[in-house]
Amino acid sequence: MHLPLAALTALLIATAATAQPPERFDIAITVDDLPAHGPLPAGMTRADIALAHVAAFKAHGVPEAFGFVNANRLEQEPDSAAALAVWRQAGHPLGNHAYSHLGLSNAPSLQAWQADVTAGEAAVAARMGDADWHWFRYPFLDGGSDAARRDGASTWLTGRGYRIADVSFSFEDWAYTDAYARCLAQHGEAAIAAMKTQYLREVDAEILRMQAASRQVLGRVVPQVLLTHAGAWSSATLPAVLARLDAAGARYVTLAQAQADAAYANPGGGTVIERAARRQGIALPAKPARRIDPATVCR
Ligand SMILES: [Zn+2]
């Protein structure tokens, strides 16, 4: 069918006028692996990466971005302490992500894992003063593969005063971190541009996928908890990511506000949406395969 241009224009204007605004949804932003996620590109500091994060949060009205710390990175990269100072100066809180990012299932024992959690506490507590830092984010979102370890860890965390920082979705920003550093070192601007195009398409698709999955397994778009990482790729793409969330109807809230929702009554490993799907025997659609595999880019 060929419409005359004037008719087509009128149709487009009418469609735009009647388009519904997006359904608003609450979302808390959380940032893992502070102060140092992935390789540090040349000419950049960890503080630069943190500054880019807090600037993007301010520009998009994000009231709180909970940062989760692996304190061993402060010993590996002493300069990275400046990133935590930037975070706190901007008013964002810090929580514990275990000293060395030890996964619960792969730890030699529950006791060894608990020791890694407690070893991470001092660096966080020192920077949080009187504010509540007793929030724990499971490394690898690994809440334990067998019941004994799962229940043992969760009971122990609760007894130690922690709340588990749950997650509802992520854009897998971490998958691009290493490739971004390699491409910057090689001046691979075209490769970086292609990865950004793909990643932002994935962000758009993942927002829709999250909304559909949340409606399917929880009956509504529950308050979301987004997981991102404190790396160079994430800081470079965060403004565009937040712009997409804004356009999709995001209303930024704190982690405590999001987790006050009944959907987060039993936080654990993986995501709240995945756990609800598993309980109901619902198979969520898999994420589509990537056309560009970041693991092969700029080799
Ligand atoms: Zn992590």
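Values in this document were obtained by computation on a predicted structure and should not be read as measured data.

Asks: Would you explain the state of the cysteines in this entry?
Replies: Here is the idea: a disulfide is a covalent bond, and it sits between the sulfur atoms of two cysteines. By the definition in use, this model includes one disulfide. Cys 183 shares a disulfide with Cys 298; S-S distance 2.0 Å. Residues Cys 183 and Cys 298 are joined through a disulfide that is right-handed, its torsion about the S-S bond being 105 degrees. Here Cys 183, found in helix 8 (residues 177–185), pairs with Cys 298, found in the segment after helix 12 (272–279); they are 115 residues apart in sequence, far enough to count as distant. Grouping residues by exposure puts Cys 183 and Cys 298 together as buried.

Asks: What is the right way to look at the pattern of salt bridges in this model?
Replies: Oppositely charged side chains may form a pair once their charged atoms are brought near each other. Tallied over the entire structure, the rule returns 14 salt bridges. Across the pair Asp 166 and Arg 275 runs a salt bridge whose closest N-O atoms are separated by 2.6 Å. Of this pair, Asp 166 sits in the loop between strand 5 (163–164) and strand 6 (169–170) while Arg 275 sits in helix 12, placing them 109 residues apart in sequence. What makes Asp 166 buried here is its relative accessible area of 0%.

Asks: Teacher, can you tell me more about the coordination of the zinc ion here?
Replies: Protein-derived ligands of the zinc ion are Asp 33 (OD), His 97 (NE2) and His 101 (NE2), with the metal-ligand distances lying across 2.1 Å. Mapped onto the polypeptide sequence, the residues donating to the zinc ion form the spacing pattern D-x63-H-x3-H. Exposure remark for His 97: the relative accessible area of 1% places this residue in the buried category. Given a relative accessible area of 18%, His 101 falls into the buried group.

Asks: Where do I start with helix 8 in this structure?
Replies: Among the residues making up helix 8, those that are buried are Thr 177, Ala 179, Tyr 180, Ala 181, Arg 182 and Cys 183. Packing partners of the buried residues in helix 8 comprise helix 9 (189–218) and helix 10 (232–248). Just downstream of helix 8 lies His 187, where phi reads positive at about 55 degrees.

Asks: Would you take a moment to explain unusual backbone geometry for this structure?
Replies: Leave glycine aside and you will find that most residues have negative phi; peptide bonds, for their part, are mostly trans. Cis rather than trans, the peptide bond between Leu 34 and Pro 35 has omega equal to 0 degrees. Within the element layout of this structure, Pro 35 appears in the loop between strand 1 (25–34) and helix 2 (46–59). Unusually for a residue other than glycine, Asp 33 sits at a positive phi of about 70 degrees. If you trace the backbone, Asp 33 turns up in strand 1.

Asks: I tried to follow the pairing of strand 2 (residues 65–69) on my own but got confused; where do I start?
Replies: Taken residue by residue, a regular strand's side chains alternate between the two faces of the sheet. Across the five residues of strand 2, five count as buried, placing the element largely inside the fold. Burial along strand 2 is two-sided: the residues Ala 65, Gly 67 and Val 69 and Phe 66 and Phe 68 are all buried. Pairing analysis gives four bridges linking strand 1 to strand 2, with the strands arranged parallel. Paired with Ile 29 across the two strands is Ala 65, which belongs to strand 2. By the bridge criterion, three bridges tie strand 2 to strand 3 (residues 94–96) in an arrangement that is parallel. Bridging across to strand 3, Phe 68 finds its partner in Gly 95.

About the criteria used
- Residues numbered from 1 in each chain as written.
- Predicted model: local features only at pLDDT ≥ 70, side-chain atom pairs only at ≥ 80, totals over all residues.
- Heavy atoms only, no water.
- Disulfide = S-S within 2.5 Å.
- Helix = DSSP H or I, 4+ residues; strand = E, 2+ residues; numbered from the N terminus.
- Buried < 20%, exposed > 50% of the residue type's maximum accessible area, 1.4 Å probe, protein only.
- Salt bridge = Lys/Arg side-chain N within 4 Å of Asp/Glu carboxyl O.
- Donors = N, O, S within 2.8 Å, 3.2 Å for Na, K, Ca; no water.
- Contact = heavy atoms within 4.5 Å.
- Pairing = 2+ DSSP bridges.

Such coordinate-based values are descriptive only and should not be taken to indicate function.
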